[in-house]
2 protein chains.
Amino acid sequence: VRAQDVIAAKRDGMEIAAGDLRAFVLAVARREVPDYQATAFLMAAYLRGLSRAETVALTGAMIDSGARIDPADFSRPAVDKHSTGGVGDKTSLVVAPLVAACGAAVPMMAGRGLGFTGGTLDKLEAVPGTRVRFSPDEFRDQVRRIGLAIAGQSSEMVPADGTLYALRDVTATVDSIPLITASIVAKKVAEGARFLVLDVKIGRGALMDGIDRGRALARSIVEVGSAFGLTVRALLTDMDAPLGRWVGNAAEVAECFEILDGGGDARLRELCLVLAGEMLALAGLATSPEAGMRAAEREIASGRGRSLLEAMFVAQGGRPAEFLPWTPTAAHRAPIAAAAAGVVVAIDARAVGEAAVFLGAGRETAGDAIDPEASVEIVRPVGTSVQTGEPVLVAYASDPARLAAASARLAGAVRVGDGPAAPPPLVGEGIA
Amino acid sequence: VRAQDVIAAKRDGMEIAAGDLRAFVLAVARREVPDYQATAFLMAAYLRGLSRAETVALTGAMIDSGARIDPADFSRPAVDKHSTGGVGDKTSLVVAPLVAACGAAVPMMAGRGLGFTGGTLDKLEAVPGTRVRFSPDEFRDQVRRIGLAIAGQSSEMVPADGTLYALRDVTATVDSIPLITASIVAKKVAEGARFLVLDVKIGRGALMDGIDRGRALARSIVEVGSAFGLTVRALLTDMDAPLGRWVGNAAEVAECFEILDGGGDARLRELCLVLAGEMLALAGLATSPEAGMRAAEREIASGRGRSLLEAMFVAQGGRPAEFLPWTPTAAHRAPIAAAAAGVVVAIDARAVGEAAVFLGAGRETAGDAIDPEASVEIVRPVGTSVQTGEPVLVAYASDPARLAAASARLAGAVRVGDGPAAPPPLVGEGIA
């Protein structure tokens with residue numbers, strides 16, 4: 001089948017036969033189909049959609065474009081967690097060691113910051129020496145040895161995803177449920193996961209807009225995952241305000257150690273335990289999500305979660321002993337003060353995420369370097385009282401001009417009101 | 001404005017500001033926007049459409065991507081004719097010299113065969129020595145000197161169209177009314193035409209499917225043309241059966257000389273006179289289309305039309321004296337006989353066009369060479385009686401294997417019935 005016939009069929013909203021779609025995607029991955037045909041197909045798929053059967057075919061071709069780890073290699077149930085992206089969302093670095101401490105294998109392929117949201121790989125690299133690039137064999141061997149690894153997608157695994165994602169990124173075709181589904185499921189299957197908890201972020205600070213789309217994405221991933229033996233459970237969780245007390249790479253790693261030491265922000269801690277509980281129940285390592293939560297809590301108390309996070313950094317070349325204890329070292333800081341006394345009613349996660357990127361915690365264009373110390377601290381989270389002139393947020397940066405500009409944007413992100421206020425419920429409905 | 005923002009806006013069906021669209025198209029033409037972004041835009045434009053204002057902006061940018069001839073340079077009213085493509089449609093080679101003989105300037109940028117339809121440039125090249133590539137200055141000077149020129153698009157004129165068309169051709173985005181409109185209007189304005197008669201082919205042998213789309217294309221070209229001072233009159237004409245008695249490059253040129261000599265197929269002659277009459281009336285060289293028809297008829301009788309066609313070939317390096325009188329010289333021929341006695345009720349123009357391409361009269365892939373002698377002769381047109389075993393068509397080719405395969409397809413193109421039958425009305429409604 002010719003590339004233009006596949007494009008024309010999708011353009012007209014027709015169902016593409018699984019074999020034809022597979023051949024097309026594999027040819028794109030091998031660069032036999034030129035990029036300009038791939039992007040025409042992506043736009044047609046974005047606007048016309050892909051059926052479940054087409055999404056399964058796309059996902060299968062993406063998996064088979066590279067190496068694939070066999071879940072049986074781990075000899076423990078292999079479970080992963082994936083978040084659709086948020087601001088201050090650092091739960092991966094907490095749940096992976098807790099769940100591994102409870103007996104799971106956690107082969108976690110993670111990503112970099114995207115738009116105004118943070119990325120796990122960028123956070124890992126805040127600890128000096130930490131590597132995030134491994135061959136599939138190295139990655140598998142580390143999970144076998146210590147129970148967990150968090151790494152970037154290897155060029156040997158799901159290379160079609162790398163190719164397609166780079167093209168989607170510059171052609172306004174990222175935000176498509178079937179294309180996102182294929183990208184996520186293919187990576188999870190290739191990394192050797194058998195179980196996946198999907199954290200679907202909903203709210204101002206979520207990449208995916210609206211609860212209906214969040215639900216649709218969850219259902220899509222649940223269904224397509226099942227075609228590849230990946231059992232998926234999705235939770236919709238709140239992402240209106242930043243999660244935890246810090247947005248910024250080094251600060252968020254430190255915050256994870258704080259949680260694993262038994263302290264930290266209560267809401268962040270709760271979400272980590274909920275996710276860990278779901279992972280353990282799904283993997284058959286706990287009789288229920290609640291039992292899983294208690295098991296994870298015990299691994300905070302035992303210190304084994306913290307030890308495993310340290311061990312993971314060390315296994316990946318990092319020097320956590322040099323990094324901890326962390327205190328802000330950015331050359332410049334600016335408090336964002338409350339304009340009036342009252343209760344903090346809202347902190348716009350999206351505005352905070354955008355300000356953090358502007359300060360250097362993320363990338364405005366692909367080649368930008370990350371400043372691990374660039375951060376926003378949430379001193380007074382939603383629901384707390386504040387006096388006039390007291391800082392609600394503090395911004396940290398190396399560049400005073402950027403700090404001044406970001407401070408103005410951050411001031412607009414904070415809303416202080418009269419009455420008592422509580423943040424929205426943290427965990428909403430579960431799907432599958 | 002960034003390319004991906006233009007793509008995203010069109011993806012979402014939003015109106016793109018004229019300045020942004022213009023900048024995008026000019027950047028595509030300069031190859032500053034990569035092809036993979038251009039094709040994502042083209043697919044979004046195909047599926048979401050372009051408003052009239054956007055189509056005008058696209059057309060303007062395409063014109064300004066290259067050189068443009070000033071209609072005032074011709075010192076006579078400059079009028080062109082464009083056909084949306086058909087089978088056996090050779091009217092350009094008749095109307096251009098007739099209209100030039102009546103006092104118009106005819107700067108005609110024409111194309112090559114496309115799909116199953118023929119192309120004027122391929123026909124011209126059937127006459128030995130004929131050039132179809134000229135610089136804009138050469139083209140203009142020939143029109144000034146002898147009143148007409150028929151040439152291919154120069155790389156200096158409307159280069160954005162060349163770039164976009166090549167990308168549309170391989171990404172299933174050719175058949176879009178706004179994109180076709182911009183391509184046609186930009187070329188006509190750049191070649192210096194002030195008036196355009198558009199022959200919108202309707203029927204089995206038309207590239208554009210369906211009368212509604214034909215009407216919509218006509219209206220689009222009329223409206224967008226007016227934004228650039230190009231006055232357009234469109235006619236819908238029948239293309240169910242092949243036009244005239246031959247499909248094939250050398251044969252069709254010979255058929256045009258036959259019409260200009262006062263003979264030839266009545267239906268072909270009628271369409272040529274109707275189109276010439278419309279062109280002359282539109283250009284103000286006749287008081288009405290009917291008066292224009294009579295003027296064109298007089299230039300057949302006077303022999304000036306024929307002289308001008310010969311003069312044009314000579315001016316373009318051709319040797320018509322070597323070519324004429326033409327008789328078929330293909331090494332092999334195969335009659336397609338009537339299976340029963342009766343009246344020829346239908347000859348499927350599309351099937352004939354596809355068979356002709358297969359015989360060598362057109363290209364199956366871009367690089368194929370044309371065999372000017374490959375042809376299909378219509379011995380018994382629609383409406384004529386035929387006896388069992390009498391030939392309705394004759395196929396001509398140099399390759400006997402291809403001839404045999406094409407004959408089988410041609411047999412299926414002919415339908416012989418009982419009663420009397422007439423071809424559909426030749427000329428339908430006019431638009432603007």
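Everything below is about the structure shown above.
Everything numeric here is computed off the predicted structure, so don't read it as measured data.

Q: Report on the overall build of chain A, specifying residues and quantitative values.
A: Along chain A, the regular secondary structure elements total 17 helices and 13 strands. Seen through its C-alpha atoms, chain A measures out along the principal axes to roughly 70 × 45 × 40 Å. By residue count, 57% of the 432 residues in chain A fall in the buried class. Look at the contacts in chain A between residues 6 or more apart in sequence, and 80% of them connect residues 24 or more apart. In the form shown here, chain A has an accessible surface area of approximately 15600 Å², with 51% of it arising from carbon and sulfur atoms. For chain A, the distance from the average site of its 44 positive side-chain charges to the average site of its 51 negative ones is 2 Å.

Q: Can you tell me about the sheet that holds strand β12 (residues 414-417) of chain B, naming the residues and giving the values?
A: Residue and element names in this part refer to chain B. Reading across the sheet, the three strands line up as β10-β8-β12 and stay open at both edges, with antiparallel pairing between neighbours. Looking at strand neighbours, the two that pair on one side only are β10 (385-386) and β12, the edges of this open sheet. As paired strands, strand β8 (residues 342-347) and β10 are joined by two bridges and run antiparallel to one another. What sits directly across from G342, in β10, is V386.

Q: Tell me about the interface of chain A and chain B, and please be specific about residues and values.
A: Counting residues at the interface gives 20 residues for chain A and 20 residues for chain B. Contact between chain A and chain B buries roughly 1700 Å² in total, counting both sides, with carbon and sulfur atoms accounting for 71%. Among the residues chain A hides against chain B, the three largest losses belong to A:R11, A:Y36 and A:L47. Together they make up 34% of the total. At the surface where chain A touches chain B, the tally comes to zero salt bridges. Linking chain A with chain B are nine residue pairs in polar contact (both at pLDDT 80 or more).

Q: If you had to explain the packing of aromatic side chains to someone new, which residues and values would you point to?
A: A ring pair, where both rings are aromatic, is described by two values, the distance of the centres and the angle of the planes. All names here are of chain A. Per the counting criterion, the structure on display carries eight aromatic pairs over all chains. Judged by centre distance (4.9 Å) and plane angle (55 degrees), the ring pair of F24 and F41 falls under tilted. With a gap of 17 residues between them, F24 in helix α2 (residues 18-29) and F41 in helix α3 (residues 35-48) connect regions that are remote in the sequence. Judged on exposure class, the residue F24 and its partner F41 are both buried. Three or more aromatic residues joined by ring pairs make a cluster, and in this case those are W246, W326 and Y396. The aromatic ring of F358 is capped on one face by R409, whose charged end is 5.4 Å from the ring centroid.

Q: Tell me about the side chain of A:D161, and name the residues and values.
A: Residue and element names in this part refer to chain A. As for its position among the elements, D161 is in helix α8 (residues 159-169). Classification of D161 by relative accessible area gives buried; the value is 3%. A polar side-chain atom of D161 sits 2.7 Å from a polar atom in the side chain of S183. With residues near it in sequence (within four places) discarded, D161 still touches M62, Q153, S183 and K187.

Q: Hey, could you go over the sheet that holds strand β9 (residues 375-378) of chain A for me, with residue numbers and the actual values?
A: By definition, the strands of a sheet pair up through backbone hydrogen bonds, in either a parallel or an antiparallel sense. All names here are of chain A. Read across the sheet, four strands follow the order β6-β9-β11-β7 without closing on themselves; strand pairing throughout is antiparallel. Whereas interior strands pair on both sides, the edge strands pair on one side only; in this sheet they are β6 (246-247) and β7 (332-337). Pairing geometry for β6 and β9, over two bridges, is antiparallel. Residue pairing for β9: W246 is matched across the bridge by E377. The strands that helix α16 (residues 349-361) touches are β6, β9 and β11 (391-397); relative to β9, the one it contacts most, it runs at about 145 degrees.

Q: Help me get a handle on the relation of the copies chain A and chain B, residues and values and all.
A: Rotating chain A by 180 degrees and moving it 0.1 Å along the rotation axis overlays it on chain B with an RMSD of 0.1 Å. Look at the turn and shift together and you get a two-fold axis relating the two. When C-alpha positions in chain A are compared against the rotation axis, the closest is assigned to A:Y36, at 1.9 Å. When the interface residues of chain A are mapped onto chain B, 100% of them again fall at the interface, so both copies present the same face.

Q: Let's hear about the pattern of salt bridges: which residues, and what values?
A: Side chains that carry opposite charge are capable of pairing whenever their charged atoms lie near each other. Enumeration over the complete set of coordinates arrives at 72 salt bridges over all chains. Note that A:E54 and A:K10 form a salt bridge whose closest N and O atoms lie 3.1 Å from each other. Residue A:E54 is located in helix α4 (residues 52-64), and its partner A:K10 is located in helix α1 (residues 3-11); the two are separated by 44 residues in the primary sequence. Here the two residues A:E54 and A:K10 agree in accessibility, since each one is buried. Across the pair B:E322 and B:R319 runs a salt bridge, and its minimum N-O distance is 2.7 Å. Take B:E322: its relative accessible area is 53%, and that puts it in the exposed class. Using a relative accessible area of 39% as the deciding quantity, one classes B:R319 as partly exposed. Salt bridges sharing common partners tie together A:D73, A:D137, A:R140 and A:D141.

Q: Report on the environment of A:D137, specifying residues and quantitative values.
A: Note that A:D137 resides in helix α7 (residues 136-146). Residues A:D137 and A:R68, 69 residues apart in the sequence, show an inter-C-alpha distance of 10.0 Å.

Q: Which residues make up the packing of α7(A) against helix α14 (residues 304-315) of chain A, and what are the values?
A: Residues and elements named next belong to chain A. For the pair α7 and α14, the least separation of the axes is 11 Å and the interaxial angle reads 145 degrees. As α7 packs across α14, the resulting crossing turns out to be right-handed. In this structure, α7 contributes Q142, R145 and I146 to the contact, and α14 contributes L308, A311, M312 and A315. In terms of residue class, the contact of α7 with α14 is made up of five nonpolar, one polar and one charged.

Q: Explain the packing of helix α9 (residues 177-190) of chain A against helix α10 (residues 211-226) of chain A residue by residue, including any values.
A: All names here are of chain A. Close contact between α9 and α10 brings their axes to 9 Å; oriented N to C, the two are set at 45 degrees. Looking at the two axes, α9 sits oblique to α10. As α9 packs across α10, the resulting crossing turns out to be right-handed. Along the contact surface, α9 presents I177, I180, T181, I184 and V185, while α10 presents R213, A216, L217, S220, I221, V224 and G225. Taken together, the residues of the contact of α9 with α10 sort by class into eight nonpolar, three polar and one charged.

The rules we used
Residues numbered from 1 in each chain as written. Chains lettered and ligands numbered in written order. Predicted model: local features only at pLDDT ≥ 70, side-chain atom pairs only at ≥ 80, totals over all residues. Heavy atoms only, no water. Helix = DSSP H or I, 4+ residues; strand = E, 2+ residues; numbered from the N terminus. Buried < 20%, exposed > 50% of the residue type's maximum accessible area, 1.4 Å probe, protein only. Contact = heavy atoms within 4.5 Å. Areas by Shrake-Rupley, 256 points an atom, 1.4 Å probe, with all protein chains shown as cover. Lys, Arg positive; Asp, Glu negative; His and termini not counted. Charge placed at Lys NZ, Arg CZ, Asp CG, Glu CD. Pairing = 2+ DSSP bridges. Buried area = accessible area lost by both parts, 1.4 Å probe. Salt bridge = Lys/Arg side-chain N within 4 Å of Asp/Glu carboxyl O. Polar contact = N/O pair within 3.5 Å; in protein donor to acceptor, adjacent residues only side chain to side chain. Phe/Tyr/Trp six-rings, centres within 6.5 Å; stacked < 30°, edge-to-face > 60°. Lys NZ or Arg CZ within 6 Å of the ring centre and 35° of its normal. Axes fitted to C-alpha atoms, helices over the stretch in contact; angles between N-to-C directions. Least-squares fit on C-alpha atoms with pLDDT ≥ 70 in both. Left-handed = near helix turned anticlockwise from the far one by under 90°. Nonpolar A, V, L, I, M, F, W, Y, C, P; charged D, E, K, R; others polar. Parallel < 35°, antiparallel > 145°, perpendicular 65-115°, else oblique.

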